[in-house]
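Working through the structure, step by step
Below, each chain spelled out in residue letters.
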Amino acid sequence: MKLIIAIIKPFKLDEVREALADVGVAGMTVTEVKGFGRQKGQTEIYRGAEYSTNMVPKIKIEVVCDSAMSDRVVEAIQQSANTGAIGDGKIFVLDVGQAVRIRTGETDVTAL
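- An unreviewed UniProt entry lists the protein under the name Nitrogen regulatory protein P-II, with Sphingomonas gilva given as the organism.
- Quoted straight from UniProt, the Subunit (unreviewed entry) entry for the protein says "Homotrimer."
- Taken from UniProt, the Sequence similarities (unreviewed entry) comment for the protein reads in full: "Belongs to the P(II) protein family."

1. Some points on the nonpolar core
- If you look at the biggest cluster of nonpolar residues, it comprises 16 residues, and the most contacted ones within it are Ile8, Val16, Leu20, Ile61, Val63, Val73 and Ile77.
- When residues of this core are traced back to their parent elements, those giving at least two are strand S1 (2–8), helix H1 (13–22), strand S5 (56–65) and helix H2 (70–81).
- If we skip the residues at most four places from it in the chain, Ile77 touches Ile4, Ala6, Val16, Leu20 and Ile91.

2. Focus on the environment of Val16
- Tracing the sequence through the fold places Val16 in helix H1.
- Exposure remark for Val16: the relative accessible area of 0% places this residue in the buried category.
- Considered as a pair, Val16 and Ile77 are 61 residues apart in the sequence and their alpha carbons are 5.7 Å apart.

3. Some details on the sheet that holds strand S6 (residues 89–95)
- The strand order across the open sheet formed by four strands is S2-S5-S1-S6, and the pairing between neighbours is antiparallel. At either margin of the open sheet sits one strand with a lone partner, and together these are strand S2 (29–35) and S6. Ignoring which end each strand starts from, the neighbouring axes of this sheet average 20 degrees apart.
- Where S1 meets S5, seven bridges bridge the pair, whose relative direction is antiparallel. Its bridge partner lying in S5, Leu3 is registered against Val64.
- Strands in contact with H1 are S1, S2 and S5; relative to S5, the strand with the most contacts, it is inclined by about 10 degrees.
- Running at roughly 5 degrees to S1, H2 makes contact with S1, S5 and S6 of the sheet.

4. Quick notes on the pattern of salt bridges
- Counting across every chain of the model gives four salt bridges.
- Measuring nitrogen to oxygen at the nearest pair gives 2.5 Å for the salt bridge that ties Asp95 to Lys2. A residue pair is termed long-range when its members are at least 10 positions apart, and Asp95 in strand S6 and Lys2 in strand S1 qualify at 93 residues.
- For Lys9, the salt bridge is made with Asp88, and the minimal N-O distance between the two is 3.6 Å. Within this pair, whereas Lys9 is found in the loop between S1 and H1, its partner Asp88 is found in the loop between H2 and S6, the two being separated by 79 residues in sequence.
- Its relative accessible area of 16% is what places Lys9 among the buried residues.

The rules behind these values
- Residues numbered from 1 in each chain as written.
- Predicted model: local features only at pLDDT ≥ 70, side-chain atom pairs only at ≥ 80, totals over all residues.
- Heavy atoms only, no water.
- UniProt positions renumbered as here; feature names shortened; annotations may be inferred.
- Core = buried A, V, L, I, M, F, W, Y, C linked by side-chain atoms within 4.5 Å.
- Buried < 20%, exposed > 50% of the residue type's maximum accessible area, 1.4 Å probe, protein only.
- Helix = DSSP H or I, 4+ residues; strand = E, 2+ residues; numbered from the N terminus.
- Contact = heavy atoms within 4.5 Å.
- Pairing = 2+ DSSP bridges.
- Axes fitted to C-alpha atoms, helices over the stretch in contact; angles between N-to-C directions.
- Salt bridge = Lys/Arg side-chain N within 4 Å of Asp/Glu carboxyl O.

Have a look at this one:
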């Protein structure tokens, strides 16, 4: 099993969710986060005054899936979250040792 973590721009969430549903993802966790990468924050103008923010708002999506479908999940996220501009985000893929459904006690892929 794989844990796929994607950090994307907030306005791309609906597109990514639809793309993941199309490839068969049954569930995901979505969190509002803030951070920075190469862009080092951003400069904004508010009421005529310019100020910089160190942290940029992003969306973090976490999906656990069968290893066989992880490439399709990554591709779906990459294609649907891409704007071609700096700050589009990152995707991380990690191995998952075990999953347990609390209600039934099912384990691993059947728990997903």
